[in-house]
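Spelled out from the first residue to the last, the chains are:
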Amino acid sequence: MEILITYDVDTTTPAGTRRLRRVAKICEAYGLRVQKSVFEIVCTQVDWMLMQRRLLDAIDADHDSIRVYKLHTGAFSNAEHLGHSPPAPHDTPLIF
């Protein structure tokens, strides 16, 4: 499963800044950052369910927004890149 995640976390308070860091860390654990608040993720359905729960626990639903785009397999390899935007290495293992 290929997922594109974008998020907007309200950082007008210290708590919002902490939530932003938590959301980014969760996304980094599952995928690759391709822009500041955009991640490309290749995962299983079970991994997505776990990640979704973690994200829901991390945000304030009244102030923050996460958009999830479930894409067909191979969509990331067909992405067009303009400017300084090297393709993300989805075919290589993530190293933590």
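Residues numbered from 1 in each chain as written. Predicted model: local features only at pLDDT ≥ 70, side-chain atom pairs only at ≥ 80, totals over all residues. Heavy atoms only, no water.

Quick look at helix α1 (residues 14–30)
Test applied: What counts as a helix is a DSSP run of H or I of at least four residues, what counts as a strand is a run of E of at least two, and both are numbered from the N terminus. Between the first and last residue of a helix there are one fewer steps than residues, each counted as 1.5 Å, and that sum is the expected span. Note on contacts: a residue pair qualifies if any of its non-hydrogen atoms lie within 4.5 Å across the two residues.
Between its first and last C-alpha atoms α1 spans 25 Å; for 17 residues at 1.5 Å apiece the expected length is 24 Å, and the two agree. Residues of α1 that are buried sit in contact with β1 (2–8), β2 (31–35), β3 (38–42) and α2 (45–58).

Focus on the UniProt feature "binding site: Mg(2+)" (unreviewed entry) in the protein
Quick reminder of the rule: UniProt positions are given in the numbering used here, feature names are shortened, and annotations may be inferred rather than shown by experiment.
Mapped onto the present numbering, the UniProt feature "binding site: Mg(2+)" (unreviewed entry) falls on Asp8. With respect to the element layout, Asp8 can be found in strand β1.

Focus: the packing of α1 against α2
Under the convention used in this document: What counts as an axis is a line fitted to C-alpha atoms, over the stretch in contact for a helix, and the angles between N-to-C directions run from 0 to 180 degrees. Here roughly perpendicular refers to angles of 65 to 115 degrees, roughly parallel to angles under 35, roughly antiparallel to angles over 145, and oblique to all remaining angles. Each residue receives one of three labels: charged for Asp, Glu, Lys and Arg, nonpolar for Ala, Val, Leu, Ile, Met, Phe, Trp, Tyr, Cys and Pro, and polar for the others, Gly being one of them.
Contact pair α1 / α2: the axes reach a minimum separation of 9 Å and the direction vectors enclose 175°. On the basis of the axis angle, α1 is roughly antiparallel to α2. Residues Arg19, Arg22, Val23, Ile26, Cys27, Ala29 and Tyr30 of α1 pack against Asp47, Leu50, Met51, Arg54, Leu55 and Ala58 of α2. Each residue belonging to the contact of α1 with α2 can be placed in one class, and the counts come to 9 nonpolar, no polar and 4 charged.

Some remarks on the pairing of β1
The two faces of the sheet receive side chains in turn, since in a regular strand these alternate between them. The cut-off we apply is this: Here a strand pair is declared whenever DSSP counts at least two bridges between the two strands.
Direction of pairing for β1 relative to β3: antiparallel, over a ladder of 5 bridges. Paired with Leu4 across the two strands is Glu40, which belongs to β3. Where β1 and strand β4 (residues 65–71) come together, 7 bridges link them in antiparallel fashion. Across the sheet, the residue bridging to Ile5 is Val68, located in β4.

Description of α2
The terminal C-alpha atoms of α2 lie 20 Å apart, and with 14 residues this matches the ideal 20 Å at 1.5 Å per residue to within 8%. Where the residues of α2 are buried, they touch β1, α1, β3 and β4.

Topic: the sheet that holds β3
The sheet built from 4 strands is open, its strands ordered β2-β3-β1-β4 with antiparallel pairing. Each edge of the sheet is formed by a strand with only one pairing partner; in this case those strands are β2 and β4. The mean inter-strand angle of the sheet, taken between neighbouring strand axes irrespective of direction, is 25°. Across the sheet, α1 touches β1, β2 and β3, and the angle it forms with β2 is around 120°. Contacts between α2 and the sheet are confined to β1, β3 and β4, with β1 contributing the most and set at about 5° to the helix.

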